[in-house]
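# Working through the structure, step by step
Take a look at the letters that make up each chain.
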Amino acid sequence: MPILVKKVLLWGSVAFLIYFMAFRPDGAAQLFKGIGTALMAMAQGLGDFLTSLMT
């Protein structure tokens, strides 16, 4: 992908996140909470996997 397209998409995403957090803070909080929960579940699964390898 050309560099210009990447920059436009990146800045568009940043602008959308700022707009989303400014005008829908409850929705943004729920979104980030869901992302955090998913990341914690993945980390827990990886930890369980590594634990089972060691025993």
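Residues numbered from 1 in each chain as written. Predicted model: local features only at pLDDT ≥ 70, side-chain atom pairs only at ≥ 80, totals over all residues. Heavy atoms only, no water.

### Remarks on the packing of aromatic side chains
- The tally for this structure, following the rule as stated, stands at two aromatic pairs.
- When the ring of F16 is compared with that of F20, the centres are 5.8 Å apart and the planes differ by 10°; the resulting orientation is stacked. Residue F16 and its partner F20 are located together in helix α1 (residues 3-23), separated by four residues, close to a single helical turn.
- Here the aromatic rings of Y19 and F23 are separated by 4.9 Å at their centres, their planes lie at 45°, and the arrangement is tilted. In this pair, Y19 and F23 are both assigned in helix α1, four residues apart and thus about one turn of the helix distant. (Phe/Tyr/Trp six-rings, centres within 6.5 Å; stacked < 30°, edge-to-face > 60°. Helix = DSSP H or I, 4+ residues; strand = E, 2+ residues; numbered from the N terminus.)

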